[in-house]
Amino acid sequence: MYYYRNMDETNELTQREKEILALIVEGKSNPEIAETLVVSIHTVKAHIESIFRKLNVHNKVQAAVCAILYNHLP
């Protein structure tokens, strides 16, 4: 089984990261996320990289599973 990192105060997701994670769970693409949040695709990618690092995952599917399992949604 894959190990998802437990969240603590030092690596807790920001509100914006939680919003992006919720959109990832909905299956939105990076351009769709950027349009929804009125930010650039580069900003979305930076947030996603931070989410992956904090959750110890390597792709959006793993991030979505982690979000659902550990209630990391806004």
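Small disclaimer: the values here were computed from a predicted structure and weren't measured.

Peer 1: Provide a residue-level description of helix α2 (residues 30-37), including the pertinent values.
Peer 2: Every α-helical turn comprises 3.6 residues, leaving residues that sit three or four positions apart pointing alike. All of the buried residues in α2 are N30, I33, A34 and L37. The buried side chains of α2 occupy one side of the element, clustering within an arc of 100 degrees when seen end-on. Contact partners of the buried residues in α2: α1 (15-25), α3 (41-55) and α4 (60-70). V38 sits one or two residues past α2 and shows a positive phi near 55 degrees.

Peer 1: Requested: an account of the nonpolar core, with residues and values cited.
Peer 2: In this structure, I20, L21, I33 and L55 are the most contacted members of the largest nonpolar core, which totals 18 residues. Looking at this core, the elements that each hand over two or more residues are α1, α2, α3 and α4. If one sorts the elements of this core by residue count, α3 sits on top with 5 residues.

Peer 1: For unusual backbone geometry, give the residues involved together with the corresponding values.
Peer 2: Of note in this structure, V38 is not a glycine but carries a positive phi near 55 degrees. Along the polypeptide, V38 turns up in the loop between α2 and α3. Using a relative accessible area of 71% as the deciding quantity, one classes V38 as exposed. Positive phi outside glycine occurs at N71, with the angle close to 55 degrees. N71 gets classed as exposed once you look at its relative accessible area, which sits at 62%.

Peer 1: Please provide a residue-by-residue account of the packing of α1 against α4, values included.
Peer 2: Remark: α1 packs on α4, axes separated minimally by 9 Å, with the N-to-C direction vectors making an angle of 110 degrees. Taken together, the axes of α1 and α4 lie roughly perpendicular to each other. The segment α1 lies against α4, with L21, I24 and V25 engaging K60, A63, A64, A67 and I68. The residue inventory of the contact of α1 with α4, partitioned by class, reads 7 nonpolar, no polar and 1 charged.

How each quantity is defined
Residues numbered from 1 in each chain as written. Predicted model: local features only at pLDDT ≥ 70, side-chain atom pairs only at ≥ 80, totals over all residues. Heavy atoms only, no water. Buried < 20%, exposed > 50% of the residue type's maximum accessible area, 1.4 Å probe, protein only. Helix = DSSP H or I, 4+ residues; strand = E, 2+ residues; numbered from the N terminus. Arc of directions from axis to C-beta. Contact = heavy atoms within 4.5 Å. Core = buried A, V, L, I, M, F, W, Y, C linked by side-chain atoms within 4.5 Å. Axes fitted to C-alpha atoms, helices over the stretch in contact; angles between N-to-C directions. Parallel < 35°, antiparallel > 145°, perpendicular 65-115°, else oblique. Nonpolar A, V, L, I, M, F, W, Y, C, P; charged D, E, K, R; others polar.

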